[in-house]
Amino acid sequence: MLFFSQIGTSKALAKRLCDWLEEDRVDLELVDARNYNPEALPKENLVVLVASTSEVWNQTFTRGPCYSDGIPFEAKFFADWINDYYAAFR
């Protein structure tokens, strides 16, 4: 389970989801997307992405560098990589 989190909300949700799924014998590794190489995605069996979509949080509080639209660098990189991969696949 990959999470994108600036203030910890997405990380907390991802942790709760992992714990909940583990009760049903679905074991997922909790990984901060900043520490994940998108090139490894095709090798994964199951991927769950957890990311905050609140524009309020992005505009009022940032812990690290962001693009002008409030999207954290690591999330933007990951999203751009997926879009490029999809475009190349078609």
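Keep in mind that this is a model prediction, so the values were computed, not measured.

(A) Quick peek at the sheet that holds strand β3 (residues 49-51). Taken in spatial order, the three strands line up as β2-β1-β3 in an open sheet, and their pairing is parallel. A strand with exactly one partner marks an edge of an open sheet, and here the two such strands are β2 (31-32) and β3. Note: strand β1 (residues 2-4) against β3, three bridges, orientation parallel. Within β3, the position partnered with leucine 2 by the bridge is leucine 49. Together, β1 and β3 form the strand contacts of helix α1 (residues 9-23), whose direction differs from that of β3 by roughly 145 degrees.

(B) Molecular detail of the nonpolar core. Leu2, Phe4, Val31, Ala33, Tyr36, Leu41, Phe78 and Trp81 form the largest nonpolar core, which has eight residues in total. When residues of this core are traced back to their parent elements, those giving at least two are β1 and α3 (73-89). Among all residues touching valine 31, those that are not within four sequence positions of it are Met1, Leu2, Phe3 and Tyr36.

(C) Main features of a negative patch on the surface. A grouping of Glu22, Glu23, Asp24 and Asp27 is seen on the molecular surface, where their side chains present a negatively charged patch. Locating aspartate 27 in the fold gives a position in the loop between α1 and β2. The class for aspartate 27 is exposed, based on a relative accessible area of 61%.

(D) How the structure looks around the side chain of serine 5. Here serine 5 lies in the loop between β1 and α1. Within polar-contact distance, the side chain of serine 5 engages the backbone nitrogen of glycine 8 at 2.9 Å. Within the structure, serine 5 has its side chain in polar contact with the backbone nitrogen of threonine 9 (distance 3.4 Å). Ignoring sequence-local partners within four residues, the contact set of serine 5 consists of Ser10, Lys11 and Arg34.

Definitions and cut-offs
Residues numbered from 1 in each chain as written. Predicted model: local features only at pLDDT ≥ 70, side-chain atom pairs only at ≥ 80, totals over all residues. Heavy atoms only, no water. Pairing = 2+ DSSP bridges. Helix = DSSP H or I, 4+ residues; strand = E, 2+ residues; numbered from the N terminus. Contact = heavy atoms within 4.5 Å. Axes fitted to C-alpha atoms, helices over the stretch in contact; angles between N-to-C directions. Core = buried A, V, L, I, M, F, W, Y, C linked by side-chain atoms within 4.5 Å. Buried < 20%, exposed > 50% of the residue type's maximum accessible area, 1.4 Å probe, protein only. Patch = residues over 30% accessible without salt bridge, like charges linked within 9 Å, V, L, I, M, F, W, Y side chains within 5 Å. Areas by Shrake-Rupley, 256 points an atom, 1.4 Å probe, with all protein chains shown as cover. Salt bridge = Lys/Arg side-chain N within 4 Å of Asp/Glu carboxyl O. Lys, Arg positive; Asp, Glu negative; His and termini not counted. Charge placed at Lys NZ, Arg CZ, Asp CG, Glu CD. Polar contact = N/O pair within 3.5 Å; in protein donor to acceptor, adjacent residues only side chain to side chain.

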